[in-house]
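Structural description and commentary
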Amino acid sequence: MATVSLKNIKKSFGAVDVIHGISVDIADGEFIVIVGPSGCGKSTLLRMVAGLETVTAGDILIADQRVNEKEPMERDIAMVFQNYALYPHMSVRENMGYGLKIAGLSKALIHSKVEDAAKLLQLTELLDRRPRQLSGGQRQRVAMGRAIVREPSVFLFDEPLSNLDAKLRVQMRLEIRELQQTFGVTSLYVTHDQVEAMTMADRMIVMNDGVAEQIGTPLEVYERPQTLFAAQFIGSPAMNVFDAHIKDKVVYVDVVKIGAARLPDGPVKLGIRPEHLVPDTEGSISIEMRMSEPLGANTLLHGRLQAPDDQPVTASLNGVHNLEGVQAPMRFSVAADNIHLFDPVSLKRLEDD
Amino acid sequence: MAQSHGMVERRGAGLWLSHVIMICGVLLVFFPIWLAFVASTVTQPEIVRPPMPLLPGEHFWENYKAALFAGVNVPVLQMLFNSLVMALGIAVGKIVISLLSAFAIVYFRFPGRTTFFWMIFITLMLPVEVRIVPTFEVVAGFGMLNSYAGLIFPLIASATATFLFRQFFLTIPDELAEAARVDGAKPMRFFIDIVVPMSRTNIAALFVILFIYGWNQYLWPLLITTDPSMNTIVMGLNQMFPSGDDVAEWPVIMATSILAMVPPIFVVVSMQRLFVRGLVDSEK
């Protein structure tokens, strides 16, 4: 158990800068999810904390100790890899106990620790099997077990669920979260899946192009995204973004009046989440439907905003099961709280008050 | 339906035909070996009197005992032992050195890494025969003539095996090395606990190839062993052939030939089982 601090971490591969200075203080026992598209540097950041990549600039502190130059084993961390990285020629038992064996623990102690972890993960029956005899979910559990037996102060997860099918992913997501809460171990979890980020994180770091776009709790990021990127990356389906402008404290998309904003006149980027478009026969937003995707609980409507420049828009209609026959333009309105405005140049959030 | 029936029949015919061809091929290849075996079980006069016998005679034990314990210049048992030491030394030595050098080339970044790799690779193009004179000079200078060391060391480095292990190591996922690093394994620990056990099918396959390579060495032992008690079997066999007016002891020579074949066959057959099991149990 330990705090982790990243102080202005930078990383370059040769002349290419991949991480441009990320700072975050992680509290003891906190579950932090680093989320971003592929190539944004999230795995590199995690591997620097693990000690598998060198740090170009900045400091990494684990339990207030600077660990930049320390070997992974000296950092008191455990890591779960994307493809599990189990040793193929060792049994599950040997895989889980390998780190302890190197640490020089007695055979009896290793045995009891492995048995305990196996019981917790329901792996007891599988202890003498080889990794290739296990299913994806079981391998994932073994990788978790290997991390748990070492009782580290920090867990590092590098996209651990991306090789599993959708159903198993949901189940393992809950299990990982439950285990982490049981042990109260500080965790860093890398994923490209915003659903994992939303459901698992105490706080998330939204990364893009080696920059932390926003650091905050999932709901903070959802409700008050600090950048256009964070706004569009978190939430599914992605937020609608329109080129809009403000004139006399009113937001317009072209000539369509959307809502009020206490901001100076000028162009803005307007963001509205699909689920915040509410059907309203009196509404100012008129959408011409092109396609609908029924998902069961809700139905997605893809269309064009009826304004002279025809911007694409998606609406999510809760409880509507069938849009067949709805050909005429539908009218929508949006609550004032659910309007997000961003600076068109810096793409940063414009606070409305 | 009718068509598929026809296809099955045609395949049946093809199966028979290919078996007939294969059996003919085997008989063709096996015939000289059979002749050698027959010749090793009869007496000298029976061989030289035409027609040559095609069925084994009654002197099997006699001829083989003569070959093993008396030989022509030196007992065959001694030559078999020399060959075994040389072949094992070369095979084991080559595997150990190649594993280590491939490990260094794949997992460590040191100055001149690529240069060293290419230097090793280029030596592939230099067979023993090309460098035999300077090698002889060096071995003679070290006083290693007529010794096992002299037989083994000049042949112990293998670019082929290094190259093969390098290619195999490149297929081991990086994450495995990283996981071992997180587990606290130092490089040599990683090598012994993970890389070597994972390479064991490759090691078995290479052992077969290299053992036979070592066993069949002819020119090099011929050059550096002058003492008959250091002869290896492949070259010793040749030295049994009569020169000038000597009378050839063909039954004993043929018995020696058959004996010279036994160890490599044993290695191939026994290691093949391990090799196949390794392939079936493939753990990647």
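Residues numbered from 1 in each chain as written. Chains lettered and ligands numbered in written order. Predicted model: local features only at pLDDT ≥ 70, side-chain atom pairs only at ≥ 80, totals over all residues.

1. Some thoughts on the overall build of chain B
Looking only at helices and strands, one finds 14 helices and zero strands in chain B. In chain B, the order of α-helices and β-strands from amino to carboxyl end is α-α-α-α-α-α-α-α-α-α-α-α-α-α. Scaling as 2.2 N^0.38, a compact globule of 284 residues should have a C-alpha radius of gyration of about 19 Å, whereas chain B reaches 25 Å, well beyond that. Seen along its three principal axes, the alpha-carbon backbone of chain B occupies a region of about 80 × 75 × 30 Å. Looking at chain B as a whole, 26% of its 284 residues are labelled buried. When contacts within chain B are restricted to residue pairs at least 6 apart in sequence, long-range pairs at least 24 apart make up 75% of them. (Helix = DSSP H or I, 4+ residues; strand = E, 2+ residues; numbered from the N terminus. Rg over C-alpha atoms; globule rule 2.2 N^0.38 Å. Buried ≥ 20, exposed ≤ 12 C-beta atoms within 10 Å, placed from the backbone. Contact = placed C-beta atoms within 7 Å.)

2. What to know about the interface of chain B and chain A
At the junction of the two partners, chain B supplies 16 residues and chain A supplies 18 residues. Among the elements that line the side of chain B that touches chain A, the one with the most residues is helix H9 (residues 174-182) of chain B, at six residues. Taken together, the residues of the side of chain B that touches chain A sort by class into eight nonpolar, one polar and seven charged. (Nonpolar A, V, L, I, M, F, W, Y, C, P; charged D, E, K, R; others polar.)

3. Remarks on the packing of helix H4 (residues 76-107) of chain B against helix H8 (residues 159-171) of chain B
Residue and element names in this part refer to chain B. Following both chains from N to C, one finds H4 and H8 inclined at 45°, their axes separated by 8 Å at the closest point. As far as their axial angle goes, H8 and H4 are oblique. The hand of the H4/H8 crossing is right-handed. In this structure, H4 uses Lys94, Ile95, Ser98, Leu99, Ser101, Ala102, Phe103, Ile105 and Val106 to contact H8, whose residues at the interface are Ala161, Thr162, Phe165, Arg166, Phe169 and Leu170. Its residues assigned to classes, the contact of H4 with H8 comprises ten nonpolar, three polar and two charged. (Axes fitted to C-alpha atoms, helices over the stretch in contact; angles between N-to-C directions. Parallel < 35°, antiparallel > 145°, perpendicular 65-115°, else oblique. Left-handed = near helix turned anticlockwise from the far one by under 90°.)

4. Description of H9(B)
Within the span of H9(B), buried status applies to B:Leu176, B:Ala177, B:Ala179, B:Ala180 and B:Val182. In this structure, the buried residues of H9(B) make contact with helix H1 (42-50) and strand E6 (77-80) of chain A together with H4 and helix H10 (187-198) of chain B. In the stretch just after H9(B), B:Gly184 is the one whose phi turns positive, near 95°.

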